[in-house]
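Here is what each chain is made of, one letter per residue.
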Amino acid sequence: MVVSTVLGKIISIFIIMVVGVICYKAGIIDNNTKTKLSRLSTLVVNPILIFMSFQMEYDASLLKNMGILFALAVLSYLISIVLAHFLLHQKEGYDLAVEKFAVTYTNCGFIGIPLGYAVFGSIGVIYATVFVATFHIFCWTHGIMLLDSSGFQPKKLINPCLMAVFGGMICFIFQLKIPTNIAFAMNSIADMNTPLAMLLSGAIMAQLKLRETLKKKRMFFVVLLRTVVSPAIFALLLRYIPIDEQMRVVAAMTGACPSGAMTITMAILYGRDDYYGTELFGITTLLSIVTIPLFMMIAG
């Protein structure tokens, strides 16, 4: 039942992405608009959704579950990092740093959080948020070291999503409630997360030249690592870890998310091959329609 629900939500999300493709092709969304929408989603809407998801009654068992999920999230990233390190090597014409980044860092914010919310509501958002927080910790340390020769910069860890996680947890632990009118306004903004993120994803995918992309055999090995090998290993481990169904489902589908949109934005930021990042983002996103439900079933 849960798998069929998730599959239905993925199809719905894909429909929104198609609308994003149409908007880009029609000139409603252009490159300038795309950049602004990306900043709006990353810096405003997503953090508000994360923060508001913690506006619930205190539950000690929930904190315990979050701790377990944090350990699982770390495990999922370590699996991807090891696979990328040992199985990907420099090849002329391909940006190795972008490949390793795409294999390791997923779209857990854009896809994992909307799916978690669609299936389990606020608790699904909180569980998915643990993966998002772990994503940011790894991305702004290991990820930066992949892309930037100058290495890790501690100040990069101060970002809206992590601030929303810590602020939300403080409110949750000490039961600090947002006034009703403010909460309504913030929840209204939070509800924009899925459509805004998927419209943006569609606009990014609209830039792909599929005929040329499909000729890149090397790319499909990278895609295989992200969409099949890494999530398969993680899902098989989840199958034998004694956790409840909600935790298992959210962990499996978040771990199976496609390459993150940050593969593109970070490639631009650090002068890497951002078009290749767009190709990896686009192909893994298309395949995830099938692979996310598959690995949820494998995880049990």
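Rules behind the numbers
- Residues numbered from 1 in each chain as written.
- Predicted model: local features only at pLDDT ≥ 70, side-chain atom pairs only at ≥ 80, totals over all residues.
- Heavy atoms only, no water.
- pLDDT = per-residue confidence, 0-100.
- Helix = DSSP H or I, 4+ residues; strand = E, 2+ residues; numbered from the N terminus.
- Patch = residues over 30% accessible without salt bridge, like charges linked within 9 Å, V, L, I, M, F, W, Y side chains within 5 Å.
- Areas by Shrake-Rupley, 256 points an atom, 1.4 Å probe, with all protein chains shown as cover.
- Salt bridge = Lys/Arg side-chain N within 4 Å of Asp/Glu carboxyl O.
- Buried < 20%, exposed > 50% of the residue type's maximum accessible area, 1.4 Å probe, protein only.
- Bend = angle between axes of the 7 residues up to and from the residue.
- Polar contact = N/O pair within 3.5 Å; in protein donor to acceptor, adjacent residues only side chain to side chain.
- Axes fitted to C-alpha atoms, helices over the stretch in contact; angles between N-to-C directions.
- Parallel < 35°, antiparallel > 145°, perpendicular 65-115°, else oblique.
- Contact = heavy atoms within 4.5 Å.
- Nonpolar A, V, L, I, M, F, W, Y, C, P; charged D, E, K, R; others polar.

> Talk me through the confidence of the model for the protein chain; I want residue IDs and the actual numbers.
Averaged over every residue, the pLDDT of the protein chain is 87; residues scoring 70 or more account for 96%. Per-element mean pLDDT across the protein chain ranges from 80 in helix α13 (residues 262-269) up to 96 in helix α4 (residues 96-104).

> Help me get a handle on a nonpolar patch on the surface, residues and values and all.
Together, V82, F86, L87, F221, L224 and V228 make up a nonpolar patch on the protein surface, roughly 510 Å² of accessible area in all. Among the elements of the structure, α3 (60-87) and α11 (217-239) are those that each provide at least two residues to the nonpolar patch. Following the sequence through the fold, L224 ends up in helix α11. The exposure class of L224 is partly exposed, given its relative accessible area of 40%.

> Provide a residue-level description of helix α14 (residues 274-299), including the pertinent values.
Approximately 50 degrees is the largest bend angle found in α14, and it occurs at S288. Of the residues flanking the start of α14, the one acting as N-cap is D273, its side-chain oxygen 3.3 Å from the backbone nitrogen of Y275. Just downstream of α14 lies G300, where phi reads positive at about 90 degrees.

> Any details on the pattern of salt bridges? Residues and values, ideally.
Within this structure, the stated rule accounts for four salt bridges. Here K177 ties to E57 by a salt bridge, and the two come within 3.9 Å at their closest N and O atoms. Note that K177 is positioned in the loop between α7 (160-173) and α8 (180-190) and E57 in the loop between α2 (31-53) and α3, a separation of 120 residues in sequence. A salt bridge links D95 to R272, with the shortest nitrogen-to-oxygen separation between them at 3.6 Å. With a gap of 177 residues between them, D95 in the loop between α3 and α4 and R272 in the loop between α13 and α14 connect regions that are remote in the sequence. You can call D95 buried: its relative accessible area is 13%.

> Tell me about the packing of α13 against α14, and please be specific about residues and values.
Each pair of packed helices gets described by two things: the angle between the helix axes and the distance between those axes. Taken N-terminus to C-terminus, the directions of α13 and α14 make an angle of 175 degrees; their axes are 8 Å apart at the nearest point. Classified by the interaxial angle, the pair formed by α13 and α14 is roughly antiparallel. Across from T263, I264, A267 and I268 in α13, the residues of α14 making contact are D274, G277, T278 and F281. For the contact of α13 with α14, the class distribution of residues is four nonpolar, three polar and one charged.

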